[in-house]
Every structure is written in structure tokens, then in C-alpha cells.
Amino acid sequence: MAKVVLKDVSKVYPNGAMAVNKVNITCEEKEFLILVGPSGCGKSTTLRMIAGLEELTSGEMWIDDVLVNDVPPKDRDIAMVFQNYALYPHMTVYENMAFGLKLRKYPKEEIKQRVHEAAEILGIEEYLTRKPRQLSGGQRQRVALGRAIVRKPKVFLFDEPLSNLDAKMRVQMRAEISKLHTRLQATMIYVTHDQVEAMTMADRIVVMKDGLVQQVADPLALYDKPANRFVASFIGSPSMNFIEGTLVKRSNGLFFNEDNFQIRLTDEMVAALGERVGDVVFGVRPEDIYDKVYATNASPDNTLTATVEVVEPMGSESYIYLTTGKTPLVARFDAGDQVEVNTDIEVVFDMSKAHLFDPATGATIY
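The text that follows walks through the structure, step by step, so that each part is easy to find. (Residues numbered from 1 in each chain as written. Predicted model: local features only at pLDDT ≥ 70, side-chain atom pairs only at ≥ 80, totals over all residues. Heavy atoms only, no water.)

**Focus: the overall build of the chain**
Helix and strand counts for the chain stand at nine helices and 20 strands. Evaluated residue by residue, the chain yields a buried proportion of 48% over its 366 residues. Of all intrachain contacts in the chain linking residues separated by at least 6 positions in sequence, the fraction that spans at least 24 positions is 65%. Within the structure as shown, the chain displays about 17,400 Å² of accessible surface, and the carbon and sulfur contribution to it stands at 48%. Here the chain holds 42 positive side-chain charges and 50 negative ones, and the gap between their average locations is 10 Å. (Helix = DSSP H or I, 4+ residues; strand = E, 2+ residues; numbered from the N terminus. Buried < 20%, exposed > 50% of the residue type's maximum accessible area, 1.4 Å probe, protein only. Contact = heavy atoms within 4.5 Å. Areas by Shrake-Rupley, 256 points an atom, 1.4 Å probe, with all protein chains shown as cover. Lys, Arg positive; Asp, Glu negative; His and termini not counted. Charge placed at Lys NZ, Arg CZ, Asp CG, Glu CD.)

**Some words on the layout of surface pockets**
There is about 520 Å³ of room inside the largest pocket. Lining the largest pocket are 18 residues, and of these Met-80, Phe-82, Arg-104, Arg-147 and Arg-151 lie nearest its centre. Listing elements by their share of the lining of the largest pocket, those giving two or more residues are strand S6 (78-81), helix H2 (93-103) and helix H4 (137-149). Along the lines of polarity and charge, the residues of the lining of the largest pocket split into 13 nonpolar, one polar and four charged. Here the second largest pocket is characterised by a volume of approximately 240 Å³. Along its surface, the second largest pocket is lined by 13 residues, and Asp-224, Ser-352, Lys-353, Ala-354 and His-355 are the ones closest to its centre. Looking at the lining of the second largest pocket residue by residue, the classes come out as four nonpolar, three polar and six charged. (1 Å grid on protein atoms, 1.4 Å probe; cavity = no way out; pocket = protein on both sides within 12 Å on 5 of 7 lines; lining within 4 Å. Points joined across faces, edges and corners; volume = space filled by probe spheres on them. Nonpolar A, V, L, I, M, F, W, Y, C, P; charged D, E, K, R; others polar.)

Dropping the structure here:
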């Protein structure tokens, strides 16, 4: 397995569009690294540059301590799994998985051994004689994975491989790919727009926006300590609530003040902020808002009144859409928390998990 290093890598198209802007990423040996971000953020372009399918405009690309800027894709010792499976419809599963090895003139017995070994790992041995049209979407994706596994490459690349599957199959295949990584101890770089995939599968996540890397961290660090408002909004479902307001210093403490309510900041927040006052964006996740009736940490300093607009039952929990004045909020309550639409309730913020952002730059203040 190999280490992959991108140094100041940029991609500018002939029309002047900047797809990737001076990206610096290191994927360690045996690491499962996921690039995540909205459509058009540059993640797939970055992956295609690693694969050699796109030329770099500037910067350096290293695989296993070898500069590969001018190395053709076939000589980079990588295997790529695509969104659309890219299987040959006229070939059987066995022939699809063996095709790359045949091109490289591997002996028949070694090809047979590798294909059957990969098929066993993926649970598709019984499908080896079938054609792709006889398989479900999940089975086709397993075949595409198998075709990559038999190569035993230095690096596996995945370009949104689960986006064509239904929700249940996506969950199943997430687990399959994670198990595959553990079993193969392979270096894997995976692209997705789905933050749930990123959070559940990655060792580390690269969050991208507009061709720029916003933050690189392990999933929990991204969730607990986002570098900026964009990362905070992208990671977590439902998204973090953002409230524009002002920091005001009073005799009894430092308060976040919005037109319809005020919240007292914790001593830890005050110590971190120093003398800062003025405009700020307050952030709190839906799971850190509680109905006062069921809260154990309620006090006048972290409680406000809100109107229930919509209740979305999700089984074990409910999403509660609230407003306080003109400010919309989303809370995630336990299913047993009884609230009714068009009623006012008192909600409690868990201030130990609140965030503050600079309104101009979006950078995290706390």
C-alpha cells in the first residue's frame, strides 16, 4: 500500500474556471480518506487527478514517494471504482473481474485464484457466470469492487460509488466497503457528497468548497470543532442552527443577544473570547436543543420561548421546527417528548456544545 501526497495542486480549465485551488492533502498508508463537499466543489476533479484522468495545471502529485505528474494512469498502480459501475455488458462477472489481469498478461491460474478470492470476500461467487444485466445494483457494485480488488493496487479510488443505490442498499454497502478496508488494510480515497457516508466510513475527512480545502480532520473532530461556518453546516443532519446577533457585556456576564431572546455564555466561552463584543453568529446543533420539560440543565440563562411550527416523527426521534420571533430553529427531540404544533414551548440550549462564528469571514471564534 502507498502514501498519496498532493502539494499545492491546482486545476484550471481552458475557459479559466478554477476547479481546484492549491490543494494540500496527505493520505497516509492504509488510511481511508474521504473527500466530501457539495456538487462542484472540486472533489471528483481532485480524485481524477490522482488517477491521472485529469492533468494538473500546477503543483505536485506523489504516490509512494514517486512524483507522478507525468505518469500515465496505467502505470500509477491505482484501481478506480466508478459511480456507474462501468462493467462490460457482454462479459460475465468472472470475465469482467479478470479483464484487467488478462490485459496485463497474468497467468490463467493466478487470474482464477485472484478472481475467486475477491468473489469470496464480496460474497458474489454464485454470480460469476452471470451477465451484469442479471444482477441488482448492489451486486453490480460488488463486481466493480471485485474488479478493483483483483488488481491488488497500491491505492483504491472511489468516485461516489453508492449514489445509484437505494437507501437500504447504500447502508449495506457502506458497511461492506468499511469491512473491505479493514480486511485489505488498503489505502483508499473516496469521494462523496453524502456527509453521512463520510462520517460513518472515514478515518479522516477532507471538506471542500469552491475548489478549496476547508478542513481536514477525523469525523468527531469535524463534528465537535468545525473550522468555520461552512464545515459546521455541512457536517451533521439536520444542519446546525445559525442565529445572527450581538455579544453584549453586562454586569452579570457576557450575553448573546438576538431581537427576541438573550443567552448567557459559559465561563469557558468568556475566557476564550476575551474582550470581544459586537456582531457574531451563534451556532447550536438540533440535538443540543431540549424541551425544558425534559431537560436536566435548564436555567433562565439558557432558556427561551419558541413556537412549534412542524413536527416530523422519525421513529426513535422527532425533528421539531420552531420559530422565535423571525428566527427559525430545528430541534431533535426524543420520540417520547410530547409537543404540539402551534403551541409555545420553552427550549433549553446546551451551551457547553454551542459555537460562535465570525459573521464576516465565517471562521470559528469558539
